[in-house]
Structures are given as structure tokens and as C-alpha cells.
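# Architecture at a glance
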Amino acid sequence: MTPPVLDVRDLTKVYGEGEATVHALAGVSLSVQRGDYVAIMGSSGSGKSTLMNILGALDVPSSGTYLLDGVDVSRLADRQLALARNRLIGFIFQAFNLIPRTTALANVELPLAYAGVKPRERRRRALAALDVVGLADRAGHEPNQLSGGQQQRVAVARALVTEPALLLADEPTGNLDSRSTDDVLGVLDQLSTAGRTIVLITHESEVGDRAKRLIRLVDGRIVTDVRQSALHEPPVGAQLR
């Protein structure tokens, strides 16, 4: 049987000591199967950012276990953790994190360059990823020549290019206007339809509504975890702008 992409069991995260102790996570357990599309919501202080950092292998829990694509992340040394992060997770950040004065194509190629992929293969895969997000015709444009929505779609292509087990998105529409938000969410809808595994952190209800599954955190605990119908399925044959 194929293991879940994410298998989190009784995660806790404690900061500080004595009276200053903060329990950011208080026993979080969840499992995400391959091809699922999960939105995690919560107000400030709910623990969602802490959970995001642990799921992204950017931090380690105080206790509990975290299996990523069958790998027990909580037991990895720093170097192994970095390898798991680079090979298994594609990150999408609120601030895009594109390199300025560098083309969209070169930005998307970057993870492959770090992985030692040869230039011709890097270019082929990066162009294919840009095509997936509807920006093959913008491959030679630099970030300042692109709209915010286009920049975020380049960031999505960069996250996709390594074929990760998990796409992890942190407030991916937080810096976008409503039209660009629709564009980016349309890309995520299509990636979900194609079988990609997506976990998205958001405080925006209209973003959470697009996911197949909605988890809400309060005070470091999961209070609801529900399946929801896809409210905004992209129309057949829809083209990205």
C-alpha cells in the first residue's frame, strides 16, 4: 500500500520555559494522501505558521513524528533534512522569492541547477513547468516585467520543476489582487486535478474554499477537518491568462 505523502502524529511544539512557555502545537495529527488538496486555516497565534515550518522541514517538533513520503523527518540529521526538503517539497511563498534581474526561465531552472541537472535538461524541464502554469511565452521576462500574479505562477513553476511529492504553499495569494488571485488559484485547481498533492496555508476563506479538504487550527489543535466539494472547478478548456 502506498504510504501517505504526509503522516503527522501527535506533533507538539513548545517555545520558552517556565511562565514564558508557549505551546504553539498541542498534539496535531493528520494524514494527507497522494493527490489531496488541503487548506489549513487559523487566526494569528493558532499554530498554522509553526505547523507550516515543520511540514516544510524548516523546523523540528518538540515531540511527535512526521513522515514525509514515508521518510521519518523527525529523525533526520540537518544534512539529511536539507536533502529531504529539496527533493520532496516544492515551496510557494507569499512574497514569490524570485531572483530579480533574472529571467523567469532561469528562476525556474534554479532548483535543478542546485541538484546538478545538466543545462539542456534544466531548460527542457523549466520550459515544460512554465507551460503548465501558462507562462511559456514569458520565459525570457524578468520579474519586474511581470504582474504579481504572473510572478507567483513562475514561483509555482519553480516549485513544480523538481517533481516533488508535496507542493507546500504559504499564503500564496496574500500579495495579490482579486484577478491575480483567481489566476493563481486556477493553476492550483488544475494541478490538483492532475493529481498533485497540495497543502496550503491561508487566512482567506475564498482560498480555503477551493481545496478538497479544510482543516482549522485553534490554539495549536485541529478543531475541524472536513471534506468539501470543489466549489470552483475550472471550466473544461479554460485558458490561463
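Residues numbered from 1 in each chain as written. Predicted model: local features only at pLDDT ≥ 70, side-chain atom pairs only at ≥ 80, totals over all residues. Heavy atoms only, no water.

Here we take up the overall build of the protein. Scanning the protein from N- to C-terminus turns up seven helices and 10 strands. Its C-alpha atoms give the protein principal-axis dimensions of roughly 55 × 40 × 40 Å. Of the roughly 11800 Å² that the protein leaves accessible, carbon and sulfur atoms contribute 49%. For the protein, the distance from the average site of its 27 positive side-chain charges to the average site of its 27 negative ones is 8 Å. (Helix = DSSP H or I, 4+ residues; strand = E, 2+ residues; numbered from the N terminus. Areas by Shrake-Rupley, 256 points an atom, 1.4 Å probe, with all protein chains shown as cover. Lys, Arg positive; Asp, Glu negative; His and termini not counted. Charge placed at Lys NZ, Arg CZ, Asp CG, Glu CD.)

What follows deals with the layout of surface pockets. If a probe as big as a water molecule is rolled over the atoms, it shows which places are left empty. The space that makes up the largest pocket amounts to roughly 580 Å³. Around the largest pocket, the lining comprises 19 residues; the ones closest to its centre are Asn86, Ile89, Pro111, Tyr114 and Thr162. At the level of elements, helix H2 (78–88), strand S6 (89–92), helix H3 (104–114) and helix H5 (148–160) are the ones that each hand at least two residues to the lining of the largest pocket. Partitioning the lining of the largest pocket into residue classes produces 11 nonpolar, four polar and four charged. (1 Å grid on protein atoms, 1.4 Å probe; cavity = no way out; pocket = protein on both sides within 12 Å on 5 of 7 lines; lining within 4 Å. Points joined across faces, edges and corners; volume = space filled by probe spheres on them. Nonpolar A, V, L, I, M, F, W, Y, C, P; charged D, E, K, R; others polar.)

Reading across the sheet, the six strands line up as S6-S7-S8-S3-S9-S10 and stay open at both edges, with mixed pairing between neighbours. Strand pairing shows two members of the sheet lacking a second neighbour, S6 and strand S10 (221–227), which therefore form its edges. For this sheet the average axis-to-axis angle between neighbouring strands, irrespective of direction, equals 20°. Bridge analysis of strand S3 (residues 37–41) against strand S8 (residues 198–202) gives five bridges, and the strand direction is parallel. Paired with Val38 across the two strands is Val199, which belongs to S8. Contacts from H2 reach S6 and strand S7 (166–170) within the one sheet, and its direction differs from that of S6 by about 75°. (Pairing = 2+ DSSP bridges. Axes fitted to C-alpha atoms, helices over the stretch in contact; angles between N-to-C directions. Contact = heavy atoms within 4.5 Å.)

Take the packing of H5 against helix H6 (residues 178–193) next. Between H5 and H6, the shortest axis-to-axis distance is 8 Å and the interhelical angle comes to 20°. By the angle class used here, H5 and H6 are roughly parallel. The element H5 and its partner H6 pack so that their crossing is right-handed. Facing H5, whose interface residues are Gly149, Gln152, Arg153, Val156 and Leu160, H6 presents Ser180, Asp183, Val184, Val187 and Leu191. Its residues assigned to classes, the contact of H5 with H6 shows five nonpolar, three polar and two charged. (Parallel < 35°, antiparallel > 145°, perpendicular 65-115°, else oblique. Left-handed = near helix turned anticlockwise from the far one by under 90°.)

So, about helix H4 (residues 119–132). In this model, H4 (14 residues) spans 20 Å end to end at C-alpha, consistent with the 20 Å of a helix rising 1.5 Å per residue. Among the residues making up H4, those that are buried are Arg122, Ala126, Ala129 and Leu130. The buried residues of H4 occupy one face: seen down the axis, they fall within an arc of 100°. Set apart from the buried face of H4 by more than 90 degrees, the exposed residues are Arg120 and Asp131. In this structure, the buried residues of H4 make contact with H3 and H5. (Expected span 1.5 Å × (residues − 1). Buried < 20%, exposed > 50% of the residue type's maximum accessible area, 1.4 Å probe, protein only. Arc of directions from axis to C-beta.)

When pLDDT is averaged across the protein, the result is 89; 95% of the residues are at 70 or more. Within the protein, S3 carries the highest mean pLDDT (96), whereas H2 carries the lowest (82). Low pLDDT (under 50) marks residues 231–241, which in the prediction has 18 contacts with non-local residues, meaning those over four places away or in another chain. (pLDDT = per-residue confidence, 0-100.)

Once that is clear, we can look at the packing of aromatic side chains. For the coordinates displayed, the defined rule picks out one aromatic pair. Arranged with centres 5.7 Å apart and planes meeting at 10°, the rings of Phe91 and Phe93 form a pair that is stacked. For Phe93, a relative accessible area of 29% corresponds to the partly exposed category. (Phe/Tyr/Trp six-rings, centres within 6.5 Å; stacked < 30°, edge-to-face > 60°.)

Attention now goes to unusual backbone geometry. Phi at Ala57 takes a positive value of approximately 60°, unusual for a residue other than glycine. Of note, Ala57 is situated in the loop between helix H1 (48–55) and strand S4 (63–68). Of note, Arg101 is a non-glycine position whose phi angle comes to about 55°, a positive value. Within the element layout of this structure, Arg101 appears in the loop between S6 and H3.

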